[in-house]
Amino acid sequence: MQSNSTPVVRRISFDYSNIDVSAWHPRLPEFACGANAISILMPHAEPYVIRAVRSAARQSDDRDLRHNVDIWAGQEAAHFRAHRNFNEQLLAQSRVARLLDRVGRRIFGWLGSRSPAFGAAFAAAFEIVAFASARWTEERLTDLMAGADDEAASLYLWHLAEEIEHKGVAHDVMVATEGSRRFYPLGTLTAFVFLIGFTLFGGLALFVSSRHVFNPIRWMRLIGWGFSLAWVLLPLLASSLTRDFHPESLVDPPWMAQWLMEFDPVTNTLPVWTQAGMGLGRTSAPPLAA
Ligand SMILES: [Fe+2]
Ligand SMILES: [Fe+2]
């Protein structure tokens, strides 16, 4: 099923003042560690892909493409700003989180010195990894998110939902950018190594520094998630390497798209994920500054 919602920039704010962001998921702290590693990376990764795609799109005179890139970039910017807010408390609390933040800055500082053609290819692969992560999460939504803080879980789910919504834009830019497509295999490998590697090692570093590290059941869960994510991600990445592939051919998981349709543009809020379709509690206002 494809998304019915029209992509728009949703500058949603979240309120973490009542929670410890390193422990937003008391039932599955090991899941929170992996998610928090991703959150630490986003304020470095997403500005890089925004710059790469914007600079590639400037070469195109396709007005529709440039319009889609504007919406896409607005969504990505809202994502990394929301993660940066979330990370503030995390970085203040944890030496490991600060170390990971420095590693993320180094990685994307280095990638920033690569060519624009490579950058567009990397961004297209980055979006496939994001789509696969969203599909993996939705397939086990309740298993992963039940018992978590609603506001923090809604941050991650909103981000993933918009990754589904705008899954094809970076790919379109890559195709429209001369010389970019030949970098796609290298961009795919680089995106896989850095995104999955960072999530794996960063998540493990955060987990090892937590008091839950000696629980074998939590380790078993981590291993199971690793294999199940690989099961979703690797075939998607492999199919994306074929010549005729386009992300719009991928089937969207349905719940996230439905949830986004409940966005209120007046208050810039979504229902917290547990209240989707019920008209009850919403993500906190006021909205982020533009
Ligand atoms: Fe994003
Ligand atoms: Fe994205």
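Numbering of residues starts from 1 in every chain and runs along the sequence as written. The lettering of chains begins at A and the numbering of ligands begins at 1, in the order of writing. Reporting of local features is limited, given that this is a predicted model, to residues whose pLDDT is at least 70; pairs of side-chain atoms are given and counted only at 80 or more, and all residues count toward the totals for whole chains, interfaces and linings.

Here we take up the overall build of the protein chain. Helix and strand definitions here come from DSSP, where helices need a minimum of 4 consecutive H or I residues and strands a minimum of 2 consecutive E residues; each element is numbered from the N-terminal end. A tally of helices and strands in the protein chain yields ten helices and zero strands. Traced from its N-terminal end to its C-terminal end, the protein chain shows the element sequence α-α-α-α-α-α-α-α-α-α. Computation of the radius of gyration draws on C-alpha atoms alone. For the globule rule, the value is 2.2 Å times the number of residues to the power 0.38. For 290 residues, the compact-globule estimate of 2.2 N^0.38 gives 19 Å, and the protein chain sits close to it at 18 Å. Projected onto its principal axes, the C-alpha positions of the protein chain cover 50 × 40 × 35 Å. Counting other C-beta atoms within 10 Å of its own, a residue is labelled buried from 20 upward, exposed at 12 or fewer, and partly exposed in the gap between, with every C-beta atom placed from the backbone. Across the 290 residues that make up the protein chain, the buried fraction comes to 44%. By the convention adopted here, residues are in contact when the distance between their C-beta atoms, placed from the backbone, does not exceed 7 Å. Counting contacts in the protein chain only where the partners sit at least 6 residues apart, residues at least 24 apart contribute 84% of the total.

As a further point, take the confidence of the model for the protein chain. On average, the protein chain scores 91 in pLDDT, and the residues at 70 or more come to 95%. Helix α10 (residues 254-260) is the least confidently modelled element of the protein chain, averaging 93 in pLDDT, while helix α3 (residues 95-111) averages 97, the highest of any element. When the criterion is pLDDT under 50, residues 286-290 qualifies, and its contacts beyond four places in sequence or with other chains add up to ten contacts. pLDDT is a per-residue confidence score from the predictor, ranging from 0 to 100.

Right, let's talk about the environment of P271 for a bit. Topologically, P271 is positioned in the segment after α10. For P271 and R58, which are 213 residues apart along the polypeptide, the C-alpha to C-alpha distance reads 36 Å.

This paragraph deals with the nonpolar core. In this usage, the nonpolar core is the set of buried Ala, Val, Leu, Ile, Met, Phe, Trp, Tyr and Cys residues whose C-beta atoms join them within 7 Å. Within the largest apolar cluster, 81 residues are counted, with the highest numbers of intra-cluster contacts made by V53 and A120. A total of 16 residues in this core trace back to one element, the largest contributor, which is helix α1 (residues 29-57).

This part is about α1. Along its 29 residues, α1 runs 40 Å from first to last C-alpha, staying within 8% of the 42 Å computed at 1.5 Å per residue. Counting buried positions along α1 gives 24 out of 29 residues, so the element sits mostly inside the fold. Residue count minus one, scaled by 1.5 Å, sets the expected span of a helix.

Axis separation between α1 and helix α4 (residues 116-139) bottoms out at 8 Å; the angle between their running directions is 120°. Comparing the axis directions of α1 and α4 gives the class oblique. In terms of crossing hand, the pair formed by α1 and α4 is left-handed. Across from V49, A52, V53, S55 and A56 in α1, the residues of α4 making contact are P116, G119, A120, F122, A123 and F126. Each axis is a line fitted through C-alpha atoms, and for a helix only the stretch in contact is used; angles between axes span 0 to 180 degrees, taken between their N-to-C directions. Note that the term roughly parallel is reserved for angles under 35 degrees, roughly antiparallel for angles over 145, roughly perpendicular for angles of 65 to 115, and oblique for everything else. Crossing handedness follows the turn of the near helix against the far one: under a right angle anticlockwise gives a left-handed crossing, and clockwise gives a right-handed one.

Looking now at the packing of α4 against helix α7 (residues 169-176). Packed helices, taken two at a time, are described by their axes: the angle between them and the distance between them. Direction vectors running N to C along α4 and α7 enclose 155°, while the axes themselves pass 8 Å from each other. One finds that α4 runs roughly antiparallel with respect to α7. Of the two elements, α4 crosses α7, and the hand of that crossing is left-handed. Of the residues in α7, those touching α4 at A120, A121, A123, A124 and E127 are A170, H171, V173 and M174. Each residue is assigned to one of three groups, with Ala, Val, Leu, Ile, Met, Phe, Trp, Tyr, Cys and Pro labelled nonpolar, Asp, Glu, Lys and Arg labelled charged, and all others, Gly among them, labelled polar. The class makeup of the residues in the contact of α4 with α7 is seven nonpolar, one polar and one charged.

Right, let's talk about helix α6 (residues 150-165) for a bit. With 16 residues, α6 ought to run about 22 Å at 1.5 Å a step, and its terminal C-alpha atoms sit 22 Å apart, in line with that. Within α6, 15 of the 16 residues are buried, leaving the element largely enclosed by the surrounding structure.

Unusually for a residue other than glycine, N268 sits at a positive phi of about 55°. When you line up the elements, N268 lands in the segment after α10.

Further remarks concern the environment of T199. Here T199 lies in helix α8 (residues 184-208). Residues T199 and N36, 163 residues apart in the sequence, show an inter-C-alpha distance of 8.5 Å. Ignoring any residue separated from it by four or fewer positions in sequence, one finds T199 in contact with G34, A37 and I38.

Moving on: the environment of D101. Tracing the chain through its elements places D101 in helix α3. Sequence separation of D101 and G202 is 101 residues, and the distance between their C-alpha atoms is 9.6 Å. D101 has contacts with I40 and L91, leaving out every residue within four places of it along the chain.

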